[in-house]
Amino acid sequence: MPVSFHGMPCWYELTTTDLAGAERFYGDALGWSVADSGMPGMTYRLASAGDGVMVAGMSAGEPGPGGGEAPPPSWLIYFAADDCDAASAAVTAAGGAVLSPPMDIPGTGRFSTCTDPQGAAFGILQPLPMEVEPQTRAFDLEAVGHAGWNELMSADPAAGLAFYTGLLGWTLGDTLPMGEMGDYQLVQRDGSDIGGVMGLGDAPVSAWLPYFTVESVSAAIGRITTGGGSIHHGPAEVPGGAHIVVGQDPQQAWFAVVGPLGE
């Protein structure tokens, strides 16, 4: 019987204004190798970590309606669903919005893009049926070059938690007090931590932030800044002894890294 991936963070996708520049930056900063996907009729790059596992996609932003400017560069986190169409309908019923309706990706599955009721964008992906769960995935708490955490900064954290637990079946883990910033609520899938939900903090709008695992946060800071990116927070220690850094790539897309501080 096929394994259910429902609720698992499963893919990470960058939309950028400089695809070649983003390839170089993340290749250097995170050790990714990037290749064309071969999808007919579109330019879509696939990034692989050092272990050869595909961890992210990259594409150039499309012009807005009427030929207007493309949306600003950003990362989008996809969560797996057993039924993309049913999940998309549930998003609308719960007060969110479906930005692009469910459609098929040959050889991959069925997807849609959405926003939660507070406006944070995310994706839904219904993978093609698989008999066993793969041992390596885009999201892996331990693997260097993979996504290692998923963080929602929300204008209404309590409402955000209610929305995602209802939609994706997540449960609540530990609650970490952060003083004036409120609580940091860990969320779990099948009893394992996959991310956290907090207030807006310094974020101007509700948004998801992907964290990518590095072998040394100190070394990653050097690669990020040398490559034209910027650091806005950190390095800061988090529970468990790891350190994080939050920054932007040269095209201004926000992302974060997590790992040991290193030298």
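Anything mentioned here points back to the structure above.
All values derive from a computational prediction rather than experimental measurement.

**Q** Honestly, the pairing of strand 7 (residues 109-115) in this entry has me stumped. Any pointers?
**A** Among the seven residues that make up strand 7, six are buried, leaving the element largely enclosed by the rest of the structure. In the sheet, strand 6 (residues 97-105) pairs with strand 7 via six bridges, with the strands oriented antiparallel. Paired with Met103 across the strands is Phe111, a residue of strand 7. The hairpin formed by strand 6 and strand 7 contains three residues between the paired strands, and Gly107 there has a positive phi angle of roughly 80°.

**Q** For this particular structure, what's the right way to read the nonpolar core?
**A** When a protein is soluble and globular, its nonpolar side chains tend to lie buried together. Grouped together as the largest cluster of nonpolar side chains are 57 residues, with contacts concentrated most on Tyr12, Tyr26, Trp32, Trp75, Phe122, Tyr164 and Trp208. Sort the elements by how many residues they give to this core and helix 1 (residues 19-30) lands first, with six residues. Residues contacting Tyr12, with those up to four places away along its chain left out, are Val55, Ala56, Gly57, Trp75, Leu76, Ile77, Ala138, Phe139, Ala147, Asn150, Pro210 and Phe212. Within the second largest apolar cluster, 13 residues are counted, among which are Met153, Tyr184, Leu186 and Val258.

**Q** I keep staring at the sheet that holds strand 9 (residues 147-153) and nothing clicks. Help me out?
**A** Hydrogen bonds along the backbone pair up the strands of a sheet, which may run parallel or antiparallel. Strands sit in the order 10-11-12-9-13-16-15-14 across an open sheet of eight strands; the sheet is mixed. For this open sheet the edge positions go to strand 10 (171-177) and strand 14 (230-237), each flanked by a neighbour on one side alone. Looking at each pair of strands side by side, their axes are set apart by 25° on average, direction ignored. Pairing of strand 10 with strand 11 (residues 183-189), which is carried by five bridges, proceeds in the antiparallel orientation. Counted as the bridge partner of Leu176 is Tyr184 from strand 11. Against the sheet, helix 3 (residues 157-168) makes contact with strand 9, strand 10, strand 11, strand 12 (192-198) and strand 13 (207-213), and its axis sits at roughly 145° relative to strand 12, the strand it touches most.

**Q** How should I be thinking about the packing of aromatic side chains in this particular structure?
**A** Two aromatic rings, taken as a pair, are described by how far apart their centres are and by the angle between their planes. A complete count under the given rule lists 20 aromatic pairs for this structure. Geometrically, the ring pair formed by Phe122 and Tyr164 is edge-to-face, given 5.4 Å between the ring centres and 70° between the ring planes. Within this pair, whereas Phe122 is found in strand 8 (residues 121-127), its partner Tyr164 is found in helix 3, the two being separated by 42 residues in sequence. On the accessibility criterion, Tyr164 (2% relative accessible area) is buried. One aromatic cluster is present, formed by Tyr12, Phe25, Tyr26, Trp32, Trp75, Phe212 and Phe255 through successive ring pairs.

**Q** Any chance you could explain the sheet that holds strand 6 here in plain terms?
**A** The strand order across the open sheet built from eight strands is 2-3-4-1-5-8-7-6, with neighbouring strands paired in mixed fashion. Either end of the sheet is taken by a strand with one partner, and the two such strands are strand 2 (33-36) and strand 6. The average angle at which neighbouring strand axes cross in this sheet is 25°, direction not considered. In the sheet, strand 2 pairs with strand 3 (residues 44-48) via four bridges, with the strands oriented antiparallel. Considered in strand 3, the bridge of Ser33 is made with Ser48.

**Q** Would you mind showing me how to read the side chain of Ser100 here?
**A** Here Ser100 lies in strand 6. Owing to a relative accessible area of 17%, Ser100 belongs among the buried residues under this scheme. In this structure the side chain of Ser100 is engaged in a polar contact, spanning 2.4 Å, whose partner is the side chain of Thr113.

**Q** Sorry, what's going on with helix 2 (residues 84-93) here?
**A** It helps to recall that an α-helix has 3.6 residues per turn; residues three or four apart then point in one direction. For helix 2, every residue scored as buried is listed here: Cys84, Ala87, Ser88 and Val91. When helix 2 is viewed along its axis, its buried side chains cluster within an angular range of 100° and face the same direction. Its buried side turned inward, helix 2 meets strand 6, strand 7, strand 8 and helix 3. The N-terminus of helix 2 is capped by Asp83, whose side-chain oxygen sits 3.0 Å from the backbone nitrogen of Asp85.

**Q** Explain the pattern of salt bridges here, please?
**A** Any two side chains of opposite charge can pair, on the condition that their charged atoms come close. Scanning the model with the defined rule gives six salt bridges in all. With a shortest N-O distance of 2.5 Å, Arg45 and Glu23 are connected by a salt bridge. With Arg45 in strand 3 and Glu23 in helix 1, this residue pair connects regions lying 22 residues apart in the sequence. Across the salt bridge formed by Arg110 and Asp104, the nearest N and O atoms sit 3.0 Å from each other. Exposure remark for Asp104: the relative accessible area of 56% places this residue in the exposed category.

Analysis parameters
- Chains are numbered independently. Their residues run from 1 in the order of the written sequence.
- Since the coordinates come from a predicted model, pLDDT governs what is reported: local features require at least 70, and pairs of side-chain atoms require 80 or more to be given and counted, while whole-chain, interface and lining totals use all residues.
- Based on all heavy atoms of the structure, the side-chain values leave hydrogens and waters out of the count.
- Note on classification: 1.4 Å probe, protein chains only; a residue is buried when its accessible area is under 20% of the maximum for its type, exposed when over 50%, partly exposed between these limits.
- Going along the chain from the N terminus, every DSSP run of H or I of four or more residues is numbered as a helix, and every run of E of two or more is numbered as a strand.
- By this definition, two strands are paired if DSSP reports at least two bridges between them.
- Note on terminology: a nonpolar core comprises buried Ala, Val, Leu, Ile, Met, Phe, Trp, Tyr and Cys residues joined through side-chain atoms within 4.5 Å.
- We call two residues in contact whenever any of their non-hydrogen atoms come within 4.5 Å of each other.
- Lines are fitted to the C-alpha atoms to define the axes, a helix being fitted only along its stretch in contact, and any angle between axes, read from their N-to-C directions, falls within 0 to 180 degrees.
- Side-chain rings of Phe, Tyr and Trp (the six-membered ring for Trp) are treated as a pair once their centres are within 6.5 Å; stacked means planes under 30 degrees apart, edge-to-face means over 60, and tilted covers the remaining angles.
- Polar contact is defined as a pair of N or O atoms within 3.5 Å, subject to the rule that within protein one atom must be able to donate a hydrogen and the other to accept it, and that residues adjacent in sequence are counted only when both atoms are side-chain atoms.
- For this quantity, the arc is that covered by the directions from the helix axis to the C-beta atoms.
- Counted as salt bridges are all cases of a side-chain nitrogen of Lys or Arg within 4 Å of a carboxyl oxygen of Asp or Glu.

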